[in-house]
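These are the residues of each chain, in order.
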Amino acid sequence: MRRIFKLLIRLQLFQLFFGGVLLAQSFNVTKIEPPNWWTGMKNNKIQLMVYGENLENISADFGSADLKVTKVNKAENSNYTFIDVEILEDASPAIYKLVLKNDKEKQEFDFPILQRKNSSDSFQGFSPKDVIYLIMPDRFSDGDTTNNYIKEMVDGYKPNSGIGRHGGDIKGIINHLDYIKELGFTALWVTPLVENNTGISYHGYAPTDHYNIDKRFGTNELYKNLVEEAHKKGLKIILDHINNHIGITHPWMKNLPFKDWINGSVDDHHNTPHYNQSLFDVNSDKYVWDYSNTGWFVREMPDLNQRNPFLAKYLIQNTIWWIESTGLDGVREDTYPYSDQKFLSEWAQTILEEYPTLNIVGEVWIGDPAFRAPFQKGSYFPKEFDSNLPSVTDFGLQEAIKDVFANGKSIKLIYELLAKDVLYANPNNLVTFLDNHDIERLIFSAKGDVKNFKLALTLLLTTRGIPQILYGTEIGLMGGPDHGSLRADFPGGFPKDKHTAFTKEGRSEKENEIYNFCKQLLAIRKTHQALTDGKLVHYPPRDEVYFYFKILGDEQIMVVINNNIKPKEFELSFIKYRLDDKKTLINLFSGKEIKLDDSPKIIIPEKTAAIFEIK
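Here we summarise the structure given alongside this text. Residue positions are given per chain, counted from 1 along the sequence in the order it is written. Given that the model is predicted, a residue must reach a pLDDT of at least 70 before its local features are reported, and side-chain atom pairs must reach 80 or more before they are shown or counted; all residues, however, enter totals for whole chains, interfaces and linings. With hydrogens and water excluded, all non-hydrogen atoms of the structure serve as input to the side-chain values.

1. Some points on the overall build of the protein chain
Heads up, the condition is: Numbering of helices and strands starts at the N terminus; helices are DSSP runs of H or I of at least 4 residues and strands are runs of E of at least 2. Restricting the calculation to C-alpha atoms gives the radius of gyration, and the globule rule supplies 2.2 Å times the number of residues raised to the power 0.38. Contacts: residue pairs with any heavy atoms within 4.5 Å of one another. In short, Shrake-Rupley with a 1.4 Å probe defines the accessible areas, and a residue's cover is counted only from the protein chains shown. In this tally, Lys and Arg are treated as positive and Asp and Glu as negative; His is ignored, and so are the chain termini. For the purpose of locating charges, the reference atoms are NZ of Lys, CZ of Arg, CG of Asp and CD of Glu.
Scanning the protein chain from terminus to terminus reveals 15 helices and 26 strands. At 28 Å, the protein chain has a C-alpha radius of gyration in line with the 25 Å of a compact globule built from 615 residues. Taken over the C-alpha atoms alone, the protein chain extends approximately 120 × 55 × 50 Å along its principal axes. Excluding contacts between residues fewer than 6 apart, the proportion of contacts in the protein chain whose partners are at least 24 apart in sequence is 72%. Split by element, the accessible area of the protein chain, about 26600 Å² in all, is 52% carbon and sulfur. Here the protein chain contributes 72 positive and 82 negative side-chain charges, whose respective centroids are spaced 1 Å apart.

In structure tokens:
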């Protein structure tokens, strides 16, 4: 009995001693995100995500009246903690000391609070006055060959592989800003530049670090420099951001802060079936939408669960951090329907409250306007809450353009599509396009038919909306049927290229023909405000001739598109009431004038578009 008693005493002493050690063990911090914040922000209550080890029992303090720790939130995983911080309104810019401690030790970490920059050319937004040039940086230009080989990056330099890294980078974009500006573009949408340290990484849509630029593209400072240099030249920058998913090799995947940080798990998940329409389908079972919404985009891209409040806060802060730290002008949000819609509503509202002049476009890959329009802010469709999203991508117009100018269908499809604009709260704020980095280039689909391609380009740049053009479209870059080939290298952007399309002398005759046509169209759009801000008034096509007006005050522009393989006589008597007090039509392509008489007629050559200013 005495022996048992002694054993119990020893056991209690052992538990007291080692239990105390466990309660007061050393902690380690490897990262704090966001890495800084600013004074004077409406968003002055932030949440720090602290990564490390043994963080379950730490306390936090700044030792300053300017920064107040309001709560330390434990995560399910002791390697994380979330610290709520309030930055007081009159806080001074400084490097503050974040003090973390437990019963055994304390550690200090610098946390900069920066002065906001008051720059008139930041946060400008984008609108129908703009034309967006879409760049996939890895395939545009290699401005710095020294960053092609980065030892610690999983995906190596493979310039001959369609899905490999080709070496394009931020420096390559900076080097060709003058080319983009001189063409007539006003904004750049650059596909994601954040770190993608994963298998197939060139596209940028599998983030593994939300706060750092991928080393193969450059650095955070170089990205800021891109924004600054673009602004000096009158060019805006649009951030491509991803709330929906991450890369499978993101550090979170080995060490989730909470079990519900992602939807499902590596071993127990499903890929989304892309039932985008089901969200606004009144006859759909809720399970159908939930199943689509919680699915992974692909197996290599785990689906984030924005219903977790700590993740939601993290993603909102991350977007604001990139906007504020660079001064960029807009956001394109990837795979918009697949994130939690209540979260996205809060996300968009918070961003626009902080930056009222900004614009945000959501990628909504749905063709039918009836299912796409409800995603836009101010939608007429009844729903639980407003999306707060100003703009969506117009895949419906893109599909109609392809059907008409690549697949030989009637131009009536375009008229009928635009006739559905009544469904939108603001059809002028849709982002329109012929193609993008995810779908076949139109000229490839049209089998190289330059005449049809020019008709499509004319329509894009003269109808309603905010036009977006994929890099290389201006020279007729063909691409191919798969991602690797449609995302072809821009000629002249890489050291071993046989010719360059960045100069007139380097371009082929065909490349110059398309380049000159595109540049002229952009110049016409820029010099006639009715084409950017005017009201669209269109008419049912007659014998494959589609015509419409863009009207702003006294300025009237008339566009006539002849989709026939023979010339057509365009009879103006049908719209004579619009011409009663007008005397002249000026062809904006040729500069030639046509005097209006009692029975004016115009001959439009086969497969040709004409743009007239009515005087």
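Further notes follow.
2. Observations concerning the pattern of salt bridges
So the rule is basically this: A carboxyl oxygen of Asp or Glu within 4 Å of a side-chain nitrogen of Lys or Arg is what we treat as a salt bridge.
Within this structure, the stated rule accounts for 32 salt bridges. A salt bridge links E606 to K451; its shortest N-O distance comes to 3.9 Å. Note that E606 is positioned in the loop between β25 (601–604) and β26 (608–614) and K451 in helix α12 (residues 450–462), a separation of 155 residues in sequence. One connected set of salt bridges, linked through shared partners, spans D240, R332, D334 and E363.

3. Remarks on the sheet that holds strand β4 (residues 59–61)
Pairing between the strands of a sheet comes from backbone hydrogen bonds, and it takes one of two forms, parallel or antiparallel. Spelled out, the test is: For two strands to be treated as a pair, DSSP must find at least two bridges joining them.
If you walk across this open sheet you meet the four strands as β2-β8-β7-β4, and the pairing is mixed. Of all strands in the sheet, those bounded by a partner on one side alone are β2 (37–38) and β4. Direction of pairing for β4 relative to strand β7 (residues 94–101): antiparallel, over a ladder of three bridges. Bridging across to β7, D61 finds its partner in V99.

4. As for the packing of aromatic side chains
For any pair of aromatic rings, the description rests on two quantities: the centre-to-centre distance and the angle between the ring planes. Convention followed: Only rings of Phe, Tyr and Trp enter the pairing, Trp through its six-membered ring, and a pair is recorded when the two centres are within 6.5 Å. The plane angle decides the type: under 30 degrees is stacked, over 60 is edge-to-face, the rest tilted. By definition, being over a ring means that NZ of Lys or CZ of Arg is both within 6 Å of the ring centre and within 35 degrees of the ring normal.
Using the criterion set out here, one finds 37 aromatic pairs in the structure. Taking 5.4 Å as the distance between ring centres and 85 degrees as the angle between the ring planes, the aromatic pair formed by W252 and W261 counts as edge-to-face. Among the aromatic side chains, those forming a connected cluster through ring pairs are F82, Y211, Y223, W252, F258, W261, F310, Y314, W321 and W322. Taking the ring centre of Y202 as reference, the NZ or CZ of R139 above it sits at 4.0 Å.

5. Description of the side chain of N147
The criterion, for reference: When accessible area is computed with a 1.4 Å probe and restricted to protein chains, residues below 20% of their type maximum are described as buried, those above 50% as exposed, and intermediate ones as partly exposed.
Mapped onto the elements of the fold, N147 is located in the loop between β9 (132–135) and α2 (170–175). On the basis of relative accessibility, which here comes to 8%, the residue N147 falls in the buried class. Here N147 is in contact with D169, K215, R216, F217 and G218, once residues within four sequence places are set aside.

6. Let's talk about the sheet that holds strand β3 (residues 45–53)
Under the convention used in this document: Angular values range over 0 to 180 degrees, each being the angle between N-to-C directions of two axes fitted as lines to C-alpha atoms, with helices fitted over their stretch in contact.
Read across the sheet, four strands follow the order β1-β3-β6-β5 without closing on themselves; strand pairing throughout is antiparallel. Taken across any chain shown, the strands that pair with only one partner, and hence form the sheet edges, are β1 (28–33) and β5 (67–74). Averaged over neighbouring strand pairs, the angle between their axes works out to 25 degrees when direction is ignored. As paired strands, β5 and strand β6 (residues 80–87) are joined by seven bridges and run antiparallel to one another. Counterpart to K68 in the pairing with β6 is E86. Helix-sheet contacts for helix α6 (residues 309–326) involve β1, β3, β5 and β6, and the interaxial angle to β3 is about 110 degrees.

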